[in-house]
Amino acid sequence: MQITNSGKYSSIAELFRVLNNYQLNYAYNGDFTNDLTERILALAETNMDVESESLKIKKKVYFIIVESLQNITRHQGSSKNSRLMDGFFSIHKFLGGYLVGSGNAIENDHIKSLSQKLDKVNSLSAEELKEYQKEVLSAGGFSEKGGAGLGLIEMVRKSGNKLQYDFEKIDEQNSYFYFQSKITEAQAGENPEIDEQNHEVVKSVHRAVTKNNLKVFFQGQFKHENVRSLLSMAEGSIYLAEKFEFKKTSVAIMIELLQNISYHAAGINNSDDRPGLFMVADNNNICSLITGNYVNNNKIEELIKKIDFVNSLDNIAIEKLYLETIMLDQDELKRGAGLGFIDIRIKSKNKIEVEMVPYTDEKTFIIIKANISY
Amino acid sequence: MAALNLEATEDLPQVLFDSSKGVFEISKRSLPENAILFYEPLLDFANEYLKAPKEETTIAFHFDYISTSSTKQIMKLILLFDPISATNKVNLNWNYDHGDVDMLQTGKRLEQLTSLKFIFNEV
């Protein structure tokens, strides 16, 4: 068992703490196929329905997501197959609005013209934007990749906020382009402090994602309602669908991990809170399903003992434990059957990894990782 | 109560229980928020049926996904039929999707805990 105070997940624990200022964060990294973009849109719709957002905001967010995903798919593919070049999409919900971020590699030669376009639309007033849109429409000057800057104009008009962007150099040929839009219910006006924080959020999630080879990153409330939509999203992602047996195993393990959080995670502000983190990582033929959440310190010892015990057993002993546990009388107050970790250990055919990062005197951030070879 | 029919949802299974025919079918996904609460009326229905069971009873499961907390309740349900298997015919079909090795193994495990003979069907 690993107890790490400065282990590889301490940066994830720190990110988790920061992201708890938002109600919901999710991100994808990798190949943005049509199927994946459809899934992202479907998940966004589900989540906005759960949050009972107004139709006005839903339409705006939907539009911005579509445009952002188009930007990613339009610009991916031409670059080398390197993780640093992967497309990236993230969405963050905060009180009063949404932040939609995207990222893709861009050739250094194109930075100047892109910056000029962005600066131009950002510099215009609402009235001027309207005029400029007419101008561009009549001139019909499409760029070679099919964009005419019209998308950017619409994004500013729909979101009611300026576009934020940044470039980070990858190598002599390429840079990474970070791009984000903020959608607010009312014209929020500029708030430099919040904007600065938002800007960092997209980048820090992207950094965490590339550093840990993540494909999926989801942080939010793990109540049953959300667990359902998360499952349908993860299940349908093309990444898990390649081999039937692998997909089945992954989803089955995911079900146990997610239920685990919805049953046992400690809240921060109140006891009904179930803040949690779910990630899918891909490392050379091993897919890792990873969860993160707070646990009250008085429950840590029992939890670790349980996982250690499950890990220590060979195939025969673990099967025996499964049968014994299923026949045990169950405490009516406990929803879990005590079979979760046993099942995960059997199905993944690997040891369950645990890492802990201290959070407060009462709570610890705990990372649980199931590795599946494929 | 002659029948208990529940439509499947995203996270709840389809249930077709019919006392008059002696048929007990559960299929699709069983991922309820609280498995004990969800399965309680199903176990009650089976207990009621077992007061006067048919000569032949057919139980059929075909899960797409099943949470471990549901598996425990399914085991409870199966065990209810154990006592009548000496005098009545009880068929237990454990159906699973083609290639779903995990689901086959779950069935194999449950079979060890009962005197009922499982019939495994890969469909």
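These numbers come from a predicted model, not from an experiment.

Parameters and conventions
- Residues numbered from 1 in each chain as written.
- Chains lettered and ligands numbered in written order.
- Predicted model: local features only at pLDDT ≥ 70, side-chain atom pairs only at ≥ 80, totals over all residues.
- Helix = DSSP H or I, 4+ residues; strand = E, 2+ residues; numbered from the N terminus.
- Rg over C-alpha atoms; globule rule 2.2 N^0.38 Å.
- Buried ≥ 20, exposed ≤ 12 C-beta atoms within 10 Å, placed from the backbone.
- Contact = placed C-beta atoms within 7 Å.
- Domains from an automatic or database assignment.
- Nonpolar A, V, L, I, M, F, W, Y, C, P; charged D, E, K, R; others polar.
- Core = buried A, V, L, I, M, F, W, Y, C linked by C-beta atoms within 7 Å.
- Pairing = 2+ DSSP bridges.
- Axes fitted to C-alpha atoms, helices over the stretch in contact; angles between N-to-C directions.

Topic: the overall build of chain B
Here is step 1: For chain B, the helix and strand inventory stands at three helices and six strands.
Here is step 2: In sequence order, chain B lays out its α and β elements as β-β-β-α-β-α-β-α-β.
Here is step 3: Computed over its C-alpha atoms, the radius of gyration of chain B comes to 13 Å, within 12% of the 14 Å expected for a compact globule of 123 residues.
Here is step 4: Here the C-alpha coordinates of chain B stretch approximately 35 × 25 × 20 Å along the principal axes.
Here is step 5: Evaluated residue by residue, chain B yields a buried proportion of 36% over its 123 residues.
Here is step 6: Once local pairs closer than 6 in sequence are excluded, the contacts in chain B between residues at least 24 apart make up 67%.

A short note on the domain arrangement of chain A
Residue and element names in this part refer to chain A.
Here is step 1: Per the domain assignment, the segments of chain A are domain 1 (1-25 + 213-374) and domain 2 (31-210).
Here is step 2: If you look at the interface, domain 1 gives 17 residues, while domain 2 gives 17 residues.
Here is step 3: If you list the elements that add at least two residues to the side of domain 1 that touches domain 2, you get helix H1 (10-19), strand S1 (24-30), strand S6 (214-221) and helix H8 (224-236).
Here is step 4: Take the side of domain 1 that touches domain 2: its biggest share by element is five residues, from H8.
Here is step 5: Here the residues of the side of domain 1 that touches domain 2 are counted per class, giving eight nonpolar, eight polar and one charged.

Some points on the nonpolar core
Here is step 1: If you look at the biggest cluster of nonpolar residues, it comprises 107 residues, and the most contacted ones within it are Ala 27, Ile 40, Ile 65, Val 205, Phe 217, Leu 258 and Met 279 of chain A.
Here is step 2: Each of domain 1 (1-25 + 213-374) and domain 2 (31-210) of chain A gives at least three residues to this core.

Considering unusual backbone geometry
Here is step 1: With a phi close to 60°, Lys 349 of chain A is a non-glycine residue in the positive phi region.
Here is step 2: Residue position: Lys 349 of chain A is located in the loop between helix H13 (340-348) and strand S9 (353-358).
Here is step 3: Taking the number of C-beta atoms within 10 Å as the measure of exposure, Lys 349 of chain A has 11 and is therefore exposed.
Here is step 4: At Lys 28 of chain B, a residue that is not glycine, the phi angle is positive and equals roughly 75°.
Here is step 5: Within the fold, Lys 28 of chain B resides in strand S3 (residues 23-30).

Things to note about the sheet that holds strand S7 (residues 275-283) of chain A
Residue and element names in this part refer to chain A.
Here is step 1: If you walk across this open sheet you meet the 10 strands as S4-S5-S3-S2-S1-S6-S7-S8-S10-S9, and the pairing is antiparallel. Bordering the open sheet on either side are strand S4 (164-169) and S9, each of which pairs with just one other strand. Going from strand to strand, the sheet's axes swing by 15° on average, the running direction of each strand aside.
Here is step 2: When strand S2 (residues 87-94) meets strand S3 (residues 97-107), the two strands line up antiparallel, connected through seven bridges. Within S3, the position partnered with Phe 89 by the bridge is Ser 102.
Here is step 3: Across the face of the sheet, helix H11 (residues 297-312) comes into contact with strand S8 (286-296), S9 and strand S10 (363-373) while running at roughly 150° to S8.

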